[in-house]
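Chains, contacts and geometry: an overview
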Amino acid sequence: MKKNRILLLMLLMLSPSIYAQTIFGKWKTIDDRSGKAKSIVEIYKKDGKVYGAIRKILEKGKEDAVCIKCEGDLKNKPIIGMKAIRGMKKDGDVYKGGKLFDPENNREFKGKIWLNPDNSDELMVRGYLAFFYRTQTWHRVR
């Protein structure tokens, strides 16, 4: 009986770490200017770096959009599958050192991402252009 209590206590102590949220998984992107949902991005780790691929476009009429403004190999390629987050590395509670890509405007930005410390179902995505920045809040998809 005492062994069962000890085991139960150990499981209860470990359970918060089991359920700790990470940035990995699917996120609904929200345009910071219009407030409209734009896409679903899946964030994953590959070769020690973090990437986010566009899995679905949510805007009506743009579900099969191609990258018209892109150049080179991405010109006129489907936006679904493109990497919106490229090569970030963990630095404390933040992921940075990589790039954010906006296929709608063919723009690439330095950026960083982190979980909202008050709500782990919100991902803060900040893109930098020189000294200016914009931050979007993405929502976890369950």
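This text gives an overview of the structure that appears in the document. Quick caveat, the model's predicted, so the values are computed rather than measured.

Describing the packing of aromatic side chains
Under the counting rule described, the total for this entry stands at 3 aromatic pairs. The interplanar angle of 80° and the centroid separation of 6.3 Å between the aromatic rings of Phe 24 and Tyr 95 together place this pair among those described as edge-to-face. With Phe 24 in the loop between α1 (2–18) and β1 (25–30) and Tyr 95 in strand β5 (residues 94–102), the pair connects residues that are 71 residues apart, well separated along the chain. Given the relative accessible area of 28%, Phe 24 is considered partly exposed. Classification of Tyr 95 as buried rests on a relative accessible area of 9%. Their ring planes at 55° and their centres at 5.7 Å tell us that Tyr 128 and Tyr 133 sit as a pair that is tilted. According to the relative accessible area criterion, Tyr 128 is partly exposed, its value standing at 24%. By relative accessible area, Tyr 133 is classed as partly exposed at 47%. Above the face of the Phe 101 ring, Arg 86 is positioned so that its terminal group lies 4.4 Å from the ring centre. Looking at Lys 112, its charged tip hangs above the ring of Trp 114, at a distance of 5.5 Å from the centre.

Quick notes on the sheet that holds β1
The 8 strands are arranged β1-β2-β3-β4-β5-β6-β7-β8 in a closed barrel whose pairing can be described as antiparallel. This sheet shows a mean twist of 30° between the axes of neighbouring strands, independent of strand direction. Strand direction decides the pairing type here: β5 and strand β6 (residues 107–116), joined by 7 bridges, are antiparallel. Considered in β6, the bridge of Asp 102 is made with Arg 107.

As for the pairing of β6
Remember that side chains alternate between the two faces of the sheet whenever the strand is regular. Counting the residues in the hairpin turn of β5 and β6 gives 4 residues, including Asn 106, whose phi is positive at 50°. In this structure, β6 lies alongside strand β7 (residues 119–129), joined through 7 bridges in antiparallel fashion. Its bridge partner being in β7, Lys 110 is matched across the sheet by Tyr 128.

Quick notes on the nonpolar core
If you look at the biggest cluster of nonpolar residues, it comprises 22 residues, and the most contacted ones within it are Ile 23, Ile 43, Ile 113 and Leu 123. Sorting the residues of this core by element identifies β2 (37–46), β3 (49–57), β4 (83–91), β5, β6 and β7 as the ones contributing at least two each. Not counting residues up to four positions away in its chain, the partners in contact with Ile 113 are Ile 23, Ile 43, Ile 85, Met 88, Asp 93, Val 94, Tyr 95, Leu 123, Met 124 and Val 125.

Considering the environment of Ile 79
Position of Ile 79 among the secondary structure elements: in the loop between β3 and β4. We classify Ile 79 as buried; its relative accessible area is 11%. Separated by 22 residues in sequence, Ile 79 and Ile 57 place their C-alpha atoms 8.2 Å apart. Setting aside residues up to four positions removed in sequence, Ile 79 forms contacts with Ile 54, Ile 57, Ala 65, Val 66, Cys 67 and Pro 103.

Criteria and thresholds
- Per chain, the residues get numbers from 1 upward, laid out in the order the sequence is written.
- In keeping with the model being predicted, local features are shown solely for residues with a pLDDT of at least 70 and side-chain atom pairs are shown and tallied solely at 80 or more, while totals for entire chains, interfaces and linings include all residues.
- To obtain the side-chain values, all non-hydrogen atoms of the structure were used and water was disregarded.
- Only centres within 6.5 Å qualify two rings of Phe, Tyr or Trp (six-membered ring in Trp) as a pair; their planes then separate them into stacked at under 30 degrees, edge-to-face at over 60, and tilted for everything else.
- A run of DSSP states H or I qualifies as a helix once it reaches four residues; a run of E qualifies as a strand once it reaches two. Both are numbered from the N-terminal end.
- Relative accessibility decides the category of a residue: with a 1.4 Å probe and only protein chains considered, values under 20% of the type maximum give buried, values over 50% give exposed, and everything between is partly exposed.
- Here, a charge over a ring is recorded when the distance from Lys NZ or Arg CZ to the ring centre is within 6 Å and its angle to the ring normal is within 35 degrees.
- When DSSP finds two or more bridges between a pair of strands, those strands are recorded as paired.
- With axes taken as lines fitted to C-alpha atoms, and helix axes fitted only over the stretch in contact, angles between N-to-C directions fall between 0 and 180 degrees.
- In these notes, a set of buried Ala, Val, Leu, Ile, Met, Phe, Trp, Tyr and Cys residues joined through side-chain atoms within 4.5 Å is what counts as a nonpolar core.
- Residue contacts are defined here by distance: any two heavy atoms, one from each residue, within 4.5 Å place the two residues in contact.

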